[in-house]
Amino acid sequence: MQLTFLGTGTSQGVPIIGCKCSVCQSADPRDQRLRTSVHIQSDGLSFVIDSGPDFRQQMLHEKIDALDAILFTHDHKDHTAGLDDVRAYNHLMQKPMQVYGEEYVLSTIKREFSYAFTEKKYPGVPEIELNTIDDRPFFIENLKIIPIRGVHFKLPVLGFRIGNLAYLTDMNQLPESERYKLKDLDVLIINALRIKTHVSHFNLEQALDIIKLSQPKQAYLTHISHKLGLYQDLIQQLPSKVLPAYDGLKITF
Ligand SMILES: [Zn+2]
Ligand SMILES: [Zn+2]
Ligand SMILES: [Zn+2]
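Below, the structure is looked at part by part. Owing to the predicted nature of the structure, the values given are computational and were not obtained by experimental measurement. (Residues numbered from 1 in each chain as written. Chains lettered and ligands numbered in written order. Predicted model: local features only at pLDDT ≥ 70, side-chain atom pairs only at ≥ 80, totals over all residues.)

1. Looking at the sheet that holds strand β3 (residues 45-49)
(1) Moving on: Spatially, β6-β5-β4-β3-β2-β1-β14 is the arrangement adopted by the 7 strands of the open sheet, whose pairing is mixed. Edge strands, defined here as strands with exactly one partner in the open sheet, are β6 (128-132) and β14 (250-252). Each neighbouring strand pair of the sheet contributes to a mean axis angle of 25 degrees, computed without reference to strand direction.
(2) Moving on: Against the sheet, helix α4 (residues 103-112) contacts β5 (97-101) and β6, and its axis sits at roughly 130 degrees relative to β5. (Pairing = 2+ DSSP bridges. Helix = DSSP H or I, 4+ residues; strand = E, 2+ residues; numbered from the N terminus. Axes fitted to C-alpha atoms, helices over the stretch in contact; angles between N-to-C directions. Contact = placed C-beta atoms within 7 Å.)

In structure tokens, the structure reads:
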């Protein structure tokens, strides 16, 4: 399986419009972050986790010309706003896009993209097939996905375990009862927003604590804000086997 980080930035992306801080002004491409999403390729299956406002640009940049499914972690706009652009894949694949999310996520999708779900559809609207998931494992074709429950301020969100990889974004709490799902990981991808604590996201220290507990072979930080510092400084402060992710980074697992 191959995973590509399509975006590794927090909800506003990095740089933030109008911000003059050293991270937002950095010329290092690893400091320029689109909204958080990953693409996973497994045998013949191609899917993304979340489709935020940069979805179109991310798919063009990575030249992804086949996409079978989208998994949603939660319903915030920085993870869902790009859904209209599945129209390109409806045309390429000649089928509706399979979308997976919890019940509340799918009802937000139906409300925000209501034109795609009306009885009499305007020609050319996105074709979307909704698949409700909950805490229980499910399959996309032959690939088993294990949801991991997290809490994002007060919102229940999902992370996912796929084989020996786990992906946890947009959470600031991971209940004890879910931690067994992080055993024997090759790769753990986890949200680390900034240095100071935050009401709805893990900060760096909290992310490192979870990495320490679960002992993956390799960990990557994502959903990073401009307040986590410059990439070149950050990489020197982190324990070995923990790397800040950056847009375009590819890993196999
Ligand atoms: Zn987010
Ligand atoms: Zn900034
Ligand atoms: Zn969020």
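2. Structural notes on the environment of R33
(1) Moving on: Tracing the backbone through its elements, the reader meets R33 in the loop between β1 (2-7) and β2 (37-42).
(2) Moving on: Separated by 25 residues in sequence, R33 and T8 place their C-alpha atoms 5.5 Å apart.
(3) Moving on: R33 has contacts with G7, T8, G9, G13, V14, I224 and D247, leaving out every residue within four places of it along the chain.

3. Considerations on the pairing of β3
(1) Moving on: Relative to β3, β2 runs antiparallel, the two being bridged by 5 bridges. When the bridges of β3 are listed, S42 appears paired with L45.
(2) Moving on: Between β2 and β3, which pair antiparallel one after the other, the connecting turn spans 2 residues, and D43 there sits at a positive phi close to 50 degrees.
(3) Moving on: Of the strand pairs in this sheet, β3 and strand β4 (residues 69-71) are connected by 3 bridges, and their pairing is parallel. In the strand pairing of β4, V48 is matched with I70.
(4) Moving on: Taken together, β3, helix α1 (residues 55-61) and β4 constitute a β-α-β crossover, and its handedness is right-handed. (Right-handed = clockwise from strand over helix to strand, strands pointing away.)

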